[in-house]
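For reference, the chains in residue letters:
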Amino acid sequence: MHQTFGILESLLTPILVFSPEGILLFMNHAAKDILPVNPQACKWPDICTDLPMSYIHRLHYFEKSELRYLLIEFVLPIDTTLQAENIQLKNTVAELETLINSSTDELFVTDGEGKVLFLTSQARKFYGLDHEDIIGQSVFQLEQAHIFYPSVTALVLRDKQKHTILQTTRHGEHLVVTGTPVFDEQGNVKQVISSALDLKQLPWILSSAPSREIPYSPSRQVKSSVHDDTSLTPIVASTPVMRQFITQIQQAATSHANILLLGETGVGKNLFANYIHKESARAQGPFIEINCATLPESLFESELFGYEHGAFTGSIREGKKGKVELADGGTLFLNEIAEIPLTYQAKLLDFLQTRQFTRVGGIKALHSDIRIICATNRDLKRMVAENLFRADLFYRIYVVPVEIPPLRARIGELEALCLTIIAKLARCYRQPTKQIHSSTLDLLRTYPWPGNVRELENVLERIFISTRDSVIYPEHLPDEFSHYASNSSLGSTPYFPNPKTLHETALHPEQAKEELGLQKQLERLEFEILHDALQRWKTTYAIAQHLQLSQPTVVRKLKKHGLTHLHETP
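Enquirer: Explain the overall build of the protein chain to me, please; I cannot follow it from the model alone.
Expert: Across its full length, the protein chain carries 24 helices and 21 strands. Looking at the protein chain alone, contacts between residues at least 24 apart form 62% of all its contacts between residues at least 6 apart. Accessible area for the protein chain stands at about 28,300 Å²; split by element, carbon and sulfur atoms hold 51% of it.

Next comes the structure, spelled out in structure tokens:
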């Protein structure tokens, strides 16, 4: 706690801070100059009668962990010379109160540019770095070094709003992190205050602190909505298969029937569920999502239907509304529906049939008028056959099944998706946008994309934060792409024509110019120059010297054109 008051040390105004037991916790240098007392084990009764009468003693109370602390401010009678000091004090006290009220066991504070200003010992314990190794560092640098990932501060600075996410440290620990912006008078973010809890404490949070929105999945780190510009990837539908799919879900949205979204992992099921909600008659109502795969079985019923006061140990006094009740008048999206425990499938079925439910620990039947959208990447029919999913529940949700096309089935949209993702990454990381080379697109189009659009997002974000080059070349792609290329037709086929092809093309130069655009002609010219240089000088170092390029650039360009060199050293 003493570290928290360091912000008051430089003030000229004397400051004292007392614990709830009346023990002196802190006194700044200005207070020590006017109060010749021993700050060790000094209590309020020992000094309250000796306070200098030439000051006005203002009392400020603040709470932390349900305990009340006292801050005493010594102020001389107001005159013009003290007005600036009073303003500074008020601002500092306000910042101090925000720090304390926002903190739990861990506290992490940055300025409006993401530079670390302050952190507690618990924060250092989470991230495994000493105080001097973190103070003054940028959270963007710490994120790139995977000290923690992702950075909640980066999200807060981008969106100018509070965020709670699931974060992973470099030691593999999982934290529930909340970042809160602090604004100046012009509405700019001047500080971001973050607090974190170990994920093992998550069940306690869900039962006793419902006011904090804790995400159930890392996929909730970026809110997915085609109507929200903060979404990393909006809906792109330029291929026939996607246009047909969009038409299908638009028709389904106008009905009141339950919809089941089917598709592989990473295709964007939550994105399309939100789209259906926005296109439906319930667009003005709430859209509530629950990830069934990440809820502990012991918490499933209380999260879905809520609970009454005293329903179980640790429950909050006034009880809690469940997701079903919160979605009244709107849409409830049950993501990963196949992961609902069998013991609770019957209760969900009863609600779907009657739209009535009872809170845990309650006796009164409640009603909720909601539209149900479910999603899964599993084969529900097979699960029914294997008695892993109730048949009656399956037929209740299998009213309007919709299959979301995987990325490889709409690969014609890959370039548009890449450009959209890169543009949003540039805004997110406050960096210049990047171009993507045609040879890189060729390789991306041949990749099978088992993780679909989510995998594409991750690949591009990894490249964006790991390289400063303005163009994304094939060598920037992760290792699995190189391995895939070496085991595919791309492994033996260069991205550009070989010398024989160029020679044949040279026989009909006018026809070649008509067939090729400027970029292709420049690429072919570059190929010819490199091919000729490789025949004359043999080593990449000699080629670099004669072409006035760096040796790594020569290696990259030779690789890009599918050329091989004889020696690595001169």
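Enquirer: Would you mind showing me how to read the pattern of salt bridges here?
Expert: Where charged atoms from two side chains of opposite charge approach closely, those side chains can pair. Counting across every chain of the model gives 16 salt bridges. Where Glu73 meets Arg58, a salt bridge forms, and the shortest distance between an N and an O atom there is 3.9 Å. Residue Glu73 is located in strand β4 (residues 67-75), and its partner Arg58 is located in strand β3 (residues 56-64); the two are separated by 15 residues in the primary sequence. Among the residues examined, Arg58 registers a relative accessible area of 31% and is labelled partly exposed.

Enquirer: Sorry if this is basic, but what is going on with empty space enclosed by the protein here?
Expert: In this approach, a probe sized like a water molecule rolls over the atoms, and the result shows the empty space that is left. Taken as a whole and assessed by the stated rule, the structure comprises three cavities of 30 Å³ or more. Its boundaries defined by the atoms lining it, the largest cavity holds a volume of some 70 Å³.

Enquirer: I would appreciate a short explanation of the sheet that holds strand β18 (residues 371-376) in the present structure.
Expert: Pairing between sheet strands relies on hydrogen bonds along the backbone, with the strands arranged either parallel or antiparallel. Strands sit in the order β12-β15-β18-β11-β19 across an open sheet of five strands; the sheet is parallel. Lying at the two open borders of the sheet, with one neighbouring strand each, are β12 (287-291) and β19 (400-403). Mean inter-strand twist for the sheet, computed between neighbouring axes without regard to direction, equals 20°. With four bridges connecting them, strand β15 (residues 331-335) and β18 associate as parallel partners.

Enquirer: Sorry, what's going on with the pairing of strand β9 (residues 174-183) here?
Expert: Two faces belong to every sheet, and in a regular strand the side chains alternate between them. Where burial is concerned, most of β9 is hidden: seven out of the 10 residues are buried. Across six bridges, the pairing between strand β8 (residues 163-169) and β9 is antiparallel. The residue bridging Gln167 from the neighbouring strand is Leu175, located in β9. Where β9 meets strand β10 (residues 189-198), nine bridges bridge the pair, whose relative direction is antiparallel. Across the sheet, Val176 pairs through a bridge with Leu197, a residue of β10. The turn linking β9 back onto β10 is made up of five residues, and Gly187 within it adopts a positive phi angle of 85°.

Enquirer: Would you take a moment to explain a nonpolar patch on the surface for this structure?
Expert: A surface patch of nonpolar side chains, amounting to about 390 Å² of accessible area, comprises Leu518, Leu522, Leu525 and Ile529. Looking at the element boundaries, Leu522 is found in helix α22 (residues 518-537).

The rules behind the values
Here the residue numbers are simple positions, counted from 1 along each chain's written sequence. Predicted model: local features are reported for residues with pLDDT of at least 70 only, side-chain atom pairs are reported and counted for 80 or more only, and whole-chain, interface and lining totals are derived from all residues. Processing note: side-chain calculations cover all non-hydrogen atoms of the structure and skip hydrogens and water entirely. Only DSSP runs of H or I reaching four residues or more are called helices, and only runs of E reaching two or more are called strands; each is numbered from the N terminus. Note on contacts: a residue pair is in contact if any heavy atoms of the two residues lie within 4.5 Å. To measure how exposed things are, a 1.4 Å probe is used in the Shrake-Rupley method; for residues, cover is taken only from the protein chains shown. By convention in these notes, a salt bridge is any Lys or Arg side-chain nitrogen within 4 Å of a carboxyl oxygen on Asp or Glu. Burial status follows relative accessibility: with a 1.4 Å probe on protein chains alone, a residue under 20% of its type maximum counts as buried, one over 50% as exposed, and anything between as partly exposed. Buried and open spaces are told apart on a 1 Å grid over the protein atoms alone, a cavity being a set of points where a 1.4 Å probe fits but cannot get out and a pocket being an open set with protein on both sides within 12 Å along at least five of seven lines. Residues with an atom within 4 Å of a point are the lining residues. Grid points are joined across faces, edges and corners, and a volume is the space filled by probe spheres set on the points. If DSSP finds at least two bridges between two strands, the strands pair. Note on geometry: axes are C-alpha line fits, over the in-contact stretch for helices, and angles between N-to-C directions span 0 to 180 degrees. Residues enter a patch when their relative accessible area is above 30% and they make no salt bridge; the linking distance is 9 Å between like charges and 5 Å between nonpolar side chains (Val, Leu, Ile, Met, Phe, Trp, Tyr).

Keep in mind these numbers describe shape, not what the thing actually does.
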